[in-house]
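# Coordinates in review
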Amino acid sequence: MRQANFELLRLIAIILIVVLHADFFALDAPDNHRLLSSPIISVSQLLIESIAICSVNVFILISGWFGLRPKVKSISNLCFQILYFTIGIYIVTLLLGVRTIDFEGLKSIIFLSNNGWFIRSYILLLILAPILNKYIEYAEKKHIEIILVTFILFQTIYGWLFDVAKFFCNGYSTTSFIWLYLFARYLRLHAPNFSRLKLKCDAIIFILSIITLTLLAIIPAYADNTYRMSQLYAYNNPIIIIMSTYLFLYFSKINFNSKIIINIASSSFAIYLLHCNPNIMNNYFVAPIKQIYDTYFGFECLSYIALIVTIYVIGAIILDIPRKYIWNKYLLPRFK
C-alpha cells in the first residue's frame, strides 16, 4: 500500500532532480567572475543547488525503507515505462525530422549513451536487492551497524575526500546506492535513537546542512576550483547524506492520506524519463535554460526557468496517463 507522505516526498525528490539539472548542469557552477559581479544571483544559485542535491539520495532511501522486491510484474512495469518514453520520444523526433534512424538513436532507447546513469545504477541495485534484503533480515543489529560504519568511512575517505576509489563515482553509482539502501532498511527495522528525533529537530538539521553546504561552496567558487566544487556537491558528501537522511526522516513521521498525491506521484519516474531523455535534454531542456539565463536577469530569469521546470513536470505527468491506462487495462491483467 502506497503511503501519501512517502509519495509526496518521492514527487518532491523528482522535481528537485529537474531543478538540479536546471541549475549547475545547465548553467555551470558560479566562478570567481560571476560571484564578484553578481554575488546575490551566484549565492542564490549555490543555495538552490544545495537544496536540490539531496534528491537522488532521498529516492534511494525511499526504496530502501520499503525494500525492493523485484518480481516479473514490477520489472515489466518498470521496463514498459522506460520503453514507453524512450521509444515514444525517438519516434516523435523521427517524425519531426529532428533526427534520422541511426545507431546512436537506437542506443538512446536502451540508455547505452552517457545519459541515463541513474537508470543503469538503479537496475543493478534492483538486481542485488534480494541479496541485500536477506542480509538485513538475518544479520544481527550490531553486525549491520559495523558494516554501515566501515562502509561509510571507506566511502568518505577513499571515494569522496581523496577520490581515489573511482568505483564510487562521487555517489553516481550502484556502490553508493547499496549503502543508502542498507542504511534505510536499518532505519526502518531498528529505529536507532538518531532517527527518532522530533520533527522540529529533523527540519533544523536539514536546514543547517543546506546552509553549511552553501557557505562552503562559496570557497571553491571564489577560487575558480571546479574540481572542489564538484566534489563538494557529490552525492557521497557526508553533509549531503545527512541532509538527505533528515529530510527523509521528517517525511517518514508525517501521516496523511491523499489519493491525488499518490496518483500524481505514480508518474514521478516519468518526469525523469522525459527531461533526461538523450533526444531532449541538451537541445530542449539545457539550451533554452542557458538562453534565458543569458537574456534575462533576476526574478524574471528565475521565473522563466521555473516555468520550463513546471512545463516538464506537468508535461511528463500528462504524457504518462496513456501509459498507465495501457498498463492497467491491457498488460497488468496478464500477471493476475
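Remember, predicted model here, so these are calculated numbers, not experimental data.

Looking now at the environment of N263. Tracing the backbone through its elements, the reader meets N263 in helix α13 (residues 259-265). A C-alpha to C-alpha distance of 9.8 Å links N263 and R2, two positions 261 residues apart in sequence.

So, on to the side chain of D320. Along the chain, D320 falls in helix α16 (residues 298-331). A distance of 2.8 Å separates polar atoms of two side chains, one belonging to D320 and the other to R323. The residues touching D320, leaving out its near neighbours within four places in the chain, are Q81, F85, S266, S267 and A270.

Any space left empty among the atoms is revealed by the rolling of a water-sized probe across them. Considering only enclosed or pocket space, the largest pocket measures out at about 1400 Å³ in volume. Taken together, 34 residues line the largest pocket, and the ones lying closest to its centre are R2, R10, L68, S74 and N77. Listed by contribution, the elements that provide at least two residues to the lining of the largest pocket are α1 (4-27), α4 (55-66), α5 (72-95), α7 (117-138), α13, α14 (268-275) and α16. It is α5 that contributes the most residues to the lining of the largest pocket, six residues altogether. Here the lining of the largest pocket is built from residues that sort into 16 nonpolar, 10 polar and eight charged. Approximately 660 Å³ is the volume attributed to the second largest pocket. For the lining of the second largest pocket, the secondary structure elements donating two or more residues are α1, α10 (199-222) and α11 (226-232). With four residues, α1 is the largest single contributor of residues to the lining of the second largest pocket.

Under the definition given, this model contains zero disulfides. C169 carries a free sulfur, and the closest cysteine sulfur to it, the one in C276, is 15 Å from it.

Side chains of R69, K71, K73 and R188 sit close together on the surface and give a patch of like positive charge. Here K73 shows up in helix α5. Relative accessible area serves as the criterion here: at 43%, K73 is assigned to the partly exposed category.

Counted by the stated rule, this structure contains six salt bridges. A salt bridge links E7 to R10, with the nearest nitrogen and oxygen atoms 3.1 Å apart. With E7 and R10 both in helix α1 and three residues apart, this pair spans about one turn of that helix. Among the residues examined, E7 registers a relative accessible area of 2% and is labelled buried. What makes R10 buried here is its relative accessible area of 15%. Two residues, D320 and R323, come together in a salt bridge whose shortest N-O distance is 2.8 Å. Linking D320 with R323, this pair stays in helix α16, spanning three residues, or about one helical turn. The exposure class of D320 is buried, given its relative accessible area of 0%. A single salt-bridge network, built from bridges that share partners, covers R2, E7 and R10.

Cut-offs and rules
Residues numbered from 1 in each chain as written. Predicted model: local features only at pLDDT ≥ 70, side-chain atom pairs only at ≥ 80, totals over all residues. Heavy atoms only, no water. Helix = DSSP H or I, 4+ residues; strand = E, 2+ residues; numbered from the N terminus. Polar contact = N/O pair within 3.5 Å; in protein donor to acceptor, adjacent residues only side chain to side chain. Contact = heavy atoms within 4.5 Å. 1 Å grid on protein atoms, 1.4 Å probe; cavity = no way out; pocket = protein on both sides within 12 Å on 5 of 7 lines; lining within 4 Å. Points joined across faces, edges and corners; volume = space filled by probe spheres on them. Nonpolar A, V, L, I, M, F, W, Y, C, P; charged D, E, K, R; others polar. Disulfide = S-S within 2.5 Å. Patch = residues over 30% accessible without salt bridge, like charges linked within 9 Å, V, L, I, M, F, W, Y side chains within 5 Å. Areas by Shrake-Rupley, 256 points an atom, 1.4 Å probe, with all protein chains shown as cover. Salt bridge = Lys/Arg side-chain N within 4 Å of Asp/Glu carboxyl O. Lys, Arg positive; Asp, Glu negative; His and termini not counted. Charge placed at Lys NZ, Arg CZ, Asp CG, Glu CD. Buried < 20%, exposed > 50% of the residue type's maximum accessible area, 1.4 Å probe, protein only.

As far as function goes, none of this settles anything; it's purely spatial.
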